[in-house]
Amino acid sequence: MDTAVEVRELVIRRGGREVLHGISAQIQRGVITGLLGPSGSGKTTMMRAIVGVQVVRSGRVTVLGRPAGSPALRRTIGYLTQSPSVYADLTVRENVRYFASLYGIASDDADQTIRDVGLADQARQLVGTLSGGQHSRASLACALVSRPELLVLDEPTVGQDPVLRDELWKRFRQLADDGATLLVSSHVMDEANRCDRLLLIREGEIIADDTPAAVKAAAGTDDLDQAFLTLVRNRTEEGS
Amino acid sequence: MIGSVRAELLRLTRWPVTWVVTGVWLALNVMFGYVFDLLGYRDAVSSGDRRLAAELLAQISPAGVPATMTQGLPLFGGALVLVLAAVSTGNGYGWNTWKTVFTQGPPRLAAFGGTMAALAVVLVGIVVLSLVVDLAASAVVMTAESQALTWPTIGELAEGVGGALLIAGMWAAAGAMLGIVAKGPALSAGLGLIWVLVVENLLRGVSGLLGALEPVTDYLPGTAAGSLAAAIGGVTGSESGGAPGVVTILTGPSAATLLTGYAVVFMLVAGFLMARRDA
């Protein structure tokens, strides 16, 4: 299978301390890769490096065959930041059409994207008046509207109710089936089962890079939470 | 860059701030340019002050529209335009949208160029709307007072529109730069307003005491804006029916050159910072 993203011996310092300690990983094209780990483990920093907005101390990040941050990659990447990035004083439709205009995408496609994230009824509502979950979905629609080849989604389901979370994951699956590559971060382990592959990260190091089934098998459990804890414990024992 | 212009125009035209600023500017323009002058004219007529009545009538007349439209811009109009531009660039940092645009949108300089071009289109719209509203207000007042309508020549209209665009453009460039420097709308708008409404006037006051400051205050952005408004026919703040901020310090061509220089410098600084700094 093709590689969409290759991270090699990546070291990143933020706020005066080393956040990623020489990690290496590959993200395959056309699949959903879950980037899982506790808060502060380095998920967002790794995503920032992949979309090219993070200063890299050493190592290399290659995205769709080009160095991360290359101008040619701009239209091929969709990035959903952890905090929503939309204009609160515009409506949902105006926000999505704003980003659609940047890429020369028709208004009809923008409206379809709004329906895809379940905000059709709120399309004419000011973003500032939306609930937290709806606000995040408005931001998600802006990341999806350009139909990018690589979607980097930083905790896209935080604050969403279970029904909507299920719908969003179905939508992610559809995008992957259509050929898009998705990197989705989460600190909720039950979402990991919906991914094709998992990158488990802890304290700036990758502790597992495999399919959910293989991760569970390696840890000798059916529960991913338990598997994560087992892998952490094994790694600690190896280190001592 | 066309995509950026289209997107920014969509944002600016759907944005309540744009319409609030436009509405406030038109209301101030009509209020100070026509309503108060009309009341002053009637007072002058009833008290028999023919000289003052004639001066005020000339300002209210359609022929005086280019000057009336321009003379409000060095101070109040400039402040409003500066706030609009500062909020339009600063908001992108405040709501994190520049981060998304810089990651997956056009190159940074194209995004900046698109924003400035969209702001320029909005400014042209505001100036043309001011012209139409002022001509209409003038015609209504003159007809109500049974006075003959004397229209400005095409050349005078072009001079008024050009001057208004140059003054508004310079303040808009200053606002856009402040929005990028401060990376947010509130601080940039506040700093800009203090400069336009307070600091320049204070400096001009101090230069009356300290002659050494005069060469500096004579070339400040507000001085250049006020001088151009005066060159177009605007009445200085010290005269009857005059506007604050209108001064006769520089000649028209010098003021126009200085305003262009300031606008270019502000845009260069803004573009450089937007391209080089983290969102």
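In this text the structure is predicted, and so the values were computed from the model without any measurement. (Residues numbered from 1 in each chain as written. Chains lettered and ligands numbered in written order. Predicted model: local features only at pLDDT ≥ 70, side-chain atom pairs only at ≥ 80, totals over all residues. Heavy atoms only, no water.)

S.K.: What's the story with the overall build of chain B in this structure? I'm lost.
M.R.: Across its full length, chain B carries 12 helices and zero strands. Taken from the N to the C terminus, the helices and strands of chain B come in the order α-α-α-α-α-α-α-α-α-α-α-α. Against the globule reference of 19 Å for 279 residues, chain B gives a C-alpha radius of gyration of 20 Å, in line with a compact fold. For chain B, the spread of C-alpha atoms along the principal axes amounts to about 70 × 45 × 30 Å. (Helix = DSSP H or I, 4+ residues; strand = E, 2+ residues; numbered from the N terminus. Rg over C-alpha atoms; globule rule 2.2 N^0.38 Å.)

S.K.: What is the right way to look at the interface of chain B and chain A in this model?
M.R.: Quite often, the size of an interface is put as the accessible area lost when its parts meet. Counting from both sides, the interface comprises 26 residues of chain B and, opposite them, 27 residues of chain A. With both sides pooled, the region where chain B packs onto chain A buries about 2,400 Å², and carbon together with sulfur makes up 57% of that total. The largest share of the area that chain B buries against chain A comes from Trp95, Thr103 and Gln104 of chain B, three residues that together contribute 29% of it. Among the ionic pairs, Arg14 of chain B bridges to Glu94 of chain A, the shortest N-O distance being 4.0 Å. Applying the counting criterion to the chain B and chain A interface returns eight residue pairs in polar contact (both at pLDDT 80 or more). Elements represented by at least two residues in the side of chain B that touches chain A include exactly helix 1 (2-14), helix 5 (73-94) and helix 6 (97-104) of chain B. When grouped by side-chain class, the residues that make up the side of chain B that touches chain A number 10 nonpolar, 10 polar and six charged. (Contact = heavy atoms within 4.5 Å. Buried area = accessible area lost by both parts, 1.4 Å probe. Salt bridge = Lys/Arg side-chain N within 4 Å of Asp/Glu carboxyl O. Polar contact = N/O pair within 3.5 Å; in protein donor to acceptor, adjacent residues only side chain to side chain. Nonpolar A, V, L, I, M, F, W, Y, C, P; charged D, E, K, R; others polar.)

S.K.: For this particular structure, what's the right way to read the pairing of strand 7 (residues 150-154) of chain A?
M.R.: The side chains of a regular strand alternate between both faces of the sheet. Residue and element names in this part refer to chain A. Of all five residues that make up strand 7, five are buried, and the element is covered over most of its length. Of the two faces of strand 7, the one lined by Leu150, Val152 and Asp154 and the one lined by Leu151 and Leu153 are each fully buried. Strand direction decides the pairing type here: strand 6 (residues 77-80) and strand 7, joined by four bridges, are parallel. Paired with Ile77 across the bridge in strand 7 is Leu150. Relative to strand 8 (residues 181-186), strand 7 is paired through five bridges, and the arrangement is parallel. Bridging across to strand 8, Leu153 finds its partner in Val184. (Buried < 20%, exposed > 50% of the residue type's maximum accessible area, 1.4 Å probe, protein only. Pairing = 2+ DSSP bridges.)

S.K.: It is not clear to me how helix 1 (residues 43-51) of chain A should be interpreted in this structure. Could you clarify?
M.R.: Given 3.6 residues to a turn, an α-helix orients residues that are three or four positions apart in the same direction. All names here are of chain A. The buried count for helix 1 comes to eight of nine residues, which makes it a mostly enclosed element. When helix 1 is considered as a whole, its buried residues turn out to be Lys43, Thr45, Met46, Met47, Arg48, Ala49, Ile50 and Val51. Trailing helix 1 by a residue or two, Gly52 shows a phi angle of about 90°, which is positive.

S.K.: Is there a simple way to explain the packing of helix 2 (residues 16-47) of chain B against helix 5 of chain B in this structure?
M.R.: Two numbers describe a pair of packed helices, the interaxial angle and the distance between the axes. All names here are of chain B. Contact geometry of helix 2 with helix 5 gives a least axis separation of 9 Å together with a crossing angle of 175°. Relative to helix 5, helix 2 is oriented roughly antiparallel. Taken together, the residues of helix 5 that come into contact with helix 2 (itself represented by Val17, Thr18, Val21, Val24, Trp25 and Leu28) are Leu73, Phe76, Gly77, Leu80 and Leu84. Of the residues assigned to the contact of helix 2 with helix 5, the class counts are nine nonpolar, two polar and no charged. (Axes fitted to C-alpha atoms, helices over the stretch in contact; angles between N-to-C directions. Parallel < 35°, antiparallel > 145°, perpendicular 65-115°, else oblique.)

S.K.: Explanation requested: helix 2 of chain B in the structure shown.
M.R.: Across its 32 residues, helix 2 of chain B extends 45 Å between first and last C-alpha, which sits within 8% of the 46 Å expected from 1.5 Å per residue. Every buried residue of helix 2 of chain B is listed here: Thr18, Val21, Thr22, Trp25, Leu26, Asn29, Gly33, Tyr34, Asp37, Leu38, Tyr41 and Ala44 of chain B. (Expected span 1.5 Å × (residues − 1).)

S.K.: Which parts of the structure should I look at to understand the sheet that holds strand 7 of chain A?
M.R.: Pairing between sheet strands relies on hydrogen bonds along the backbone, with the strands arranged either parallel or antiparallel. All names here are of chain A. The sheet built from six strands is open, its strands ordered 6-7-8-3-9-10 with mixed pairing. Looking at strand neighbours, the two that pair on one side only are strand 6 and strand 10 (205-210), the edges of this open sheet. Averaged over all pairs of adjacent strands, the angle between their axes in this sheet comes to 15°, without regard to strand direction.

S.K.: Would you take a moment to explain the environment of Trp98 of chain B for this structure?
M.R.: All names here are of chain B. Within the fold, Trp98 resides in helix 6. On the basis of relative accessible area, Trp98 is assigned to the buried category, the value being 1%. Separated by 13 residues in the primary sequence, Trp98 and Ala111 have C-alpha atoms spaced 8.9 Å apart.

S.K.: Sorry, what's going on with the nonpolar core here?
M.R.: Counting 127 residues, the largest nonpolar core has Tyr98, Leu182 and Leu200 of chain A as the members making the most contacts within it. Element by element, the count of residues in this core is highest for helix 7 (residues 108-144) of chain B, at 14 residues. When sequence neighbours within four positions are dropped, the list of residues in contact with Leu200 of chain A reads Leu36, Glu205, Ile206, Ile207, Ala208, Val215, Phe228 and Leu231 of chain A. Core analysis: the next-biggest nonpolar cluster, separate from the first, contains 27 residues, Leu10, Leu20, Leu199 and Ile206 of chain A among them. (Core = buried A, V, L, I, M, F, W, Y, C linked by side-chain atoms within 4.5 Å.)

S.K.: Quick question: what am I supposed to make of the confidence of the model for chain B here?
M.R.: Interpretation of the predicted coordinates at a detailed level should be avoided for regions scoring low in pLDDT. Of all residues in chain B, 98% have pLDDT values of 70 or greater, and the mean over the chain is 91. For this predicted complex, the interface confidence score (ipTM) comes to 0.82, while the overall pTM stands at 0.84. (pLDDT = per-residue confidence, 0-100.)

S.K.: For this particular structure, what's the right way to read unusual backbone geometry?
M.R.: Excluding glycine, most residues fall at negative phi; most peptide bonds, likewise, are trans. One non-glycine residue, Glu203 of chain A, adopts positive backbone phi at about 45°. In this structure, Glu203 of chain A sits in the loop between strand 9 (197-202) and strand 10. If you check the backbone angles, Ser146 of chain B has positive phi at about 55° while not being a glycine. When you line up the elements, Ser146 of chain B lands in the loop between helix 7 and helix 8 (154-182). The exposure class assigned to Ser146 of chain B is exposed, which follows from its relative accessible area of 65%.

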